[in-house]
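Residue-level listing of the chains:
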Amino acid sequence: MENTKITQAKIKENIEAKLRNYYGISPTEATEDQICKVTMLSVKDLLTAKRSVFRESIKKSNPKRVYYMCMEFLMGRQLRNNLMNLGVADEYRAVLSEMGFDLDKIYEREPDPGLGNGGLGRLAACFMDSLTALDYAATGFSICYEYGLFKQRIVDGNQVELPDDWMHDGSPWLVPRTDKAFNIKLGGTVRESWDSGKCEIIYENYQEVRAVPYDMMVSGADSKAVNVLRLWKAVDTSNFNMNLFSQGQYVKAIQEISNAEVISKVLYPSDDHEEGKLLRLTQQYFLVSASLQSIISDHLAHYGTLYNLADKIAIHINDTHPALCVPELMRILMDVYSYSWESAWSVVTQVVSYTNHTVLPEALESWNVYLFKMKLPRIYMIVEEINRRLCADLWNMYPGDWDRISRMAIVAHSQVRMANLSVAASHTVNGVSELHSDILKRTVFHDFYKAMPYKFTNVTNGIAMRRWLCHSNPGLTSLLDETIGAGYRKDFGLLSEFKKYENDTAIHDRLRAIKKENKETFAKYYFDKTGKALNTDSVFDVQVKRMHEYKRQLLNVLKIIALYNEIKTNPNGNYTPVTFIFGGKAAPGYYTAKDIIKLIWNLGEEIARDPKVRDIIRVVYLEDYNVSTAEVLMPATDISEQISLAGKEASGTGCMKFMVNGALTLGTLDGANVEMKDAVGDDNIFIFGLRAEEVDDLWKQGYSSITYYHKSNKLRTTVDRLLGSFGGYNYTSMYNYFLHSHGVADPYMCLADFDSYMSTFGSIIDTYRDQTAWTKKSLCNIAGAGFFSSDRSIKEYADRIWHISEVK
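Structure report, in brief. Residue numbering note: each chain is counted from 1, following its sequence as written. In keeping with the predicted nature of the model, local features appear solely for residues at pLDDT of at least 70, side-chain atom pairs appear and are counted solely at 80 or more, and the whole-chain, interface and lining totals rest on all residues. Hydrogens and waters are ignored; side-chain quantities use all the structure's heavy atoms.

Examining the overall build of the chain
- Of regular secondary structure, the chain possesses 33 helices and 25 strands.
- Restricting the calculation to C-alpha atoms gives the radius of gyration, and the globule rule supplies 2.2 Å times the number of residues raised to the power 0.38. Computed over the C-alpha atoms, the radius of gyration of the chain is 27 Å, within 12% of the 28 Å expected from 2.2 N^0.38 for a compact globule of 808 residues.
- Expressed as lengths along the three principal axes of its C-alpha atoms, the size of the chain is roughly 90 × 75 × 60 Å.
- Accessible area is worked out with a 1.4 Å probe on protein chains only. A residue is then buried under 20% of its type maximum, exposed over 50%, and partly exposed in between. Taking all 808 residues of the chain together, the buried fraction comes to 59%.
- Residue pairs in contact within the chain that sit at least 24 positions apart in sequence constitute 76% of those at least 6 positions apart.
- Carbon and sulfur atoms provide 48% of the accessible area of the chain, an area that totals close to 31,500 Å².
- This count recognises Lys and Arg as positive and Asp and Glu as negative, with His and chain-terminal groups excluded. Taken as the charge location is NZ of Lys, CZ of Arg, CG of Asp or CD of Glu. Side chains of the chain give 92 positive and 100 negative charges; the mean places of these two sets differ by 1 Å. By the criteria applied, helices consist of DSSP H or I runs no shorter than four residues and strands consist of E runs no shorter than two, each listed in order from the N terminus. Any pair of residues with heavy atoms lying within 4.5 Å of one another is described as a contacting pair. In short, Shrake-Rupley with a 1.4 Å probe defines the accessible areas, and a residue's cover is counted only from the protein chains shown.

Below is the structure:
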């Protein structure tokens, strides 16, 4: 569809027709919410028409398709993204203005889809953006979570989880495809029958759930493609029990339906109890079973055969959550289409690839054998056989080496290990930064790497720069267009041309003015949300990410306490005002992370009440941090805190979004920070702390946090401050966490890195005082960010892992 055909007259006609059809009103009677909904519906019409044309191209060219499975897709609001990708934002703005509406205010009426939580889901969303922009045939698969993760409220410092009812008024972007629904069997018992002369699998006493797809179309900038994110919703297959209802057993009648539908209610239900573990396992199987049935159904409809399945599809497991696609694809091929084990395994190992996203042991999923067998009896039979054959092969490779085989086994010590299953079955396994991929080979998957080195590779993560730069930072985008041309929007490597302006004082002035305007924009956004003002002349020092000990929000807190102590001791010192901004959610059952949120909030409240300190430092905790908030915050940020313990962060993508918007990174040599340092040079990034190999050595020597506590006066007075209270709340437990834990004290080495962190923070603040030096470094970060585009990442996946080509 050519953009020239999408005239203002047609847009106006479409919007007015939808107002009449849906609400029976004219534009003069419409509310902003009504205009928002019909605008989204009108844009969906454009996407549908463009999708239809793209489907015809797919039918003619028969390309290999990639299917990307992920438990979450943190898509963010779609209206602005789609309008800008389709190139019709100006036309819509003009039409809505004529009707008396401001498009920017209409954007704000759209809820953020509750389909993701953190970096994993945002990466998946960026990848769908790039797959579409680059004209690949791709489908994403996830679950249509009715209540998302949760909506976060901070009440007196305590995180309170409320339902994220993002679909309360329906979602105009979703297209229900009841014609593409599939049934899924759970629980019960399984037996083999040879009555027909061949092995048949008989299911008895099982629960059946129906997976109904809701399709969200994904647009790409200046592309032919419109791809689909297919989201599965669980519904009960049994009819409503009228007998129970007639007998007055209303709750029981409804409960029979609710038991099935709970599967797609909430993302990452708390799993600190058996019911939560079972629900998570059920969700994962529900996702992969529905998705694989869909893939095979579509393939048969197109080709009429499965003989070319391995040549025409690539299935990607994004983290271990969809790992059950391995035994489920085996089940479908063997039980439904009568493949032999060997033939089915050949297909699986040709089509499945796996991205690992973590080195944390607790995040490498494993399931209790009893629970697994109870919920998925047939799948467990297949996993057992995969494990038996794997162990037999390993015995031939390493005869007598039981320890090694036990470490590599899929089923061992009453656990089913999903990471081992993923590696064993995938033709390619990749990490998401050079450091992370190296650590996987050296530690987490070392045994597999020694046995199967050809499987392992690296693809460094990237971000959808059109969204995070072009859409989120119009001032900077205009400057880039003016100085280097607009070609970078399709080839972000061209951002490097901006570096030739690093000594141009006129460009420096423009950059500072853009940053100031972005800070004013964020301050207004924050004031509208909270009624609290921010000092836009202060440094915006930002750490926004999922709350977790390894991300070391606590190290940041120690720094702020140290500054607080210093200002209290010497209130007349020469200080640069800093606003410390935090944001992120803690998992409902992760009480340490919740305590960290409370500490940050109470520290901020105490500082806000102190007249000697509050004009110098301010601590802000952003409630319910999400994509829409990030789009306003990241262009306004001065300092990007990327301070995880070296060797713990797989990559990180927030660091890249800050970088391309001109923030300077204060971080450890962890994850993508290593490659960012290579891209911008040592002088344009602020690195501190232990290196990954030094962390390993320190653990081997026996890390003692109390040694660092006694060596540094500043550290000791900072930690001792936790023995008092902040905001009237006692934090002795945090003091003990650092020094006297029953497990390992200070498990993420905050105290070991503290002095280096404080020194480097001092350096970055000193640099900020020299605005010429600061702006030059900021410009170099923008110019060096091109490598971290998800377009580059996707081209690497397409060429080296999936072997797919763009649709012609």
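So, the packing of aromatic side chains
- Centres within 6.5 Å are what make two rings of Phe, Tyr or Trp a pair, Trp counting through its six-membered ring; a difference in plane orientation under 30 degrees is then read as stacked, over 60 as edge-to-face, and the rest as tilted. Following the criterion strictly, the structure yields 29 aromatic pairs and no others.
- Measuring from ring centre to ring centre gives 6.5 Å for Tyr354 and Phe445, while their planes differ by 65°; the resulting arrangement is edge-to-face. You can see Tyr354 sitting in strand 12 (residues 352-355) and its partner Phe445 sitting in the loop between helix 17 (434-444) and helix 18 (446-451), a full 91 residues away along the chain.
- Relative accessible area serves as the criterion here: at 0%, Tyr354 is assigned to the buried category.
- Phe445 gets classed as buried once you look at its relative accessible area, which sits at 1%.
- An aromatic cluster is built from Tyr68, Phe73, Phe127, Tyr797 and Trp802, whose rings are joined through pairwise contacts.
- Above the ring of Tyr729, the side-chain terminus of Lys598 is found at 4.6 Å from the ring centroid.
- Over a ring means this: the NZ of a Lys or the CZ of an Arg is within 6 Å of the ring centre and within 35 degrees of the ring normal. Here Lys657 stacks its cationic end above the ring of Trp468, 4.6 Å away from the centre of that ring.

Some words on the pairing of strand 4 (residues 158-162)
- Here, a strand pair is defined by DSSP locating no fewer than two bridges between the strands. Summarising the sheet, strand 3 (residues 151-155) and strand 4 pair through five bridges and their orientation is antiparallel. If you follow Ile154 over to strand 4, its bridge partner there is Gln159.
- Here strand 3 folds back onto strand 4, and the loop between the two strands holds two residues, one of which, Asp156, carries a positive phi near 50°.

Observations concerning the nonpolar core
- Phe372, Ile617, Leu722, Leu751 and Trp802 are the most contacted members of the largest nonpolar core, which has 221 residues in total.
- Discounting chain neighbours no more than four positions away, the residues touching Leu751 are Leu558, Tyr703, Ser705, Tyr708, Tyr709, Leu715, Val719, Phe738, Leu739 and Asp746. Among buried residues, those of type Ala, Val, Leu, Ile, Met, Phe, Trp, Tyr and Cys that are joined through side-chain atoms within 4.5 Å constitute a nonpolar core.

Focus: the sheet that holds strand 20 (residues 617-622)
- Pairing within the open sheet is parallel, and its six strands lie in the order 20-19-18-21-22-23. Strand pairing shows two members of the sheet lacking a second neighbour, strand 20 and strand 23 (686-687), which therefore form its edges.

What to know about the sheet that holds strand 13 (residues 366-368)
- Taking strand neighbours across the sheet as the criterion, the three strands line up as 13-15-14 in an open arrangement whose pairing is antiparallel. The sheet is open, and its two edges are formed by strand 13 and strand 14 (411-412), each paired on a single side.
- Pairing geometry for strand 14 and strand 15 (residues 415-417), over two bridges, is antiparallel. Its bridge partner being in strand 15, Val411 is matched across the sheet by Val416.

Some thoughts on the side chain of Arg792
- Locating Arg792 in the fold gives a position in helix 33 (residues 790-802).
- With residues up to four places along the chain from it excluded, the contact list for Arg792 reads Val459, Thr460, Asn461 and Phe787.

Concerning unusual backbone geometry
- Phi angles above zero are rare outside glycine, and Arg552 is one such case at about 60°.
- Inspection of the secondary structure assignment puts Arg552 in the loop between strand 18 (539-544) and helix 22 (553-569).
- Accessibility expressed as a relative area gives 0% for Arg552, which makes it buried.
- Here Asp624, not a glycine, exhibits a phi torsion of approximately 55°, which is positive.
- As for its position among the elements, Asp624 is in the loop between strand 20 and helix 24 (627-633).
- What makes Asp624 buried here is its relative accessible area of 11%.

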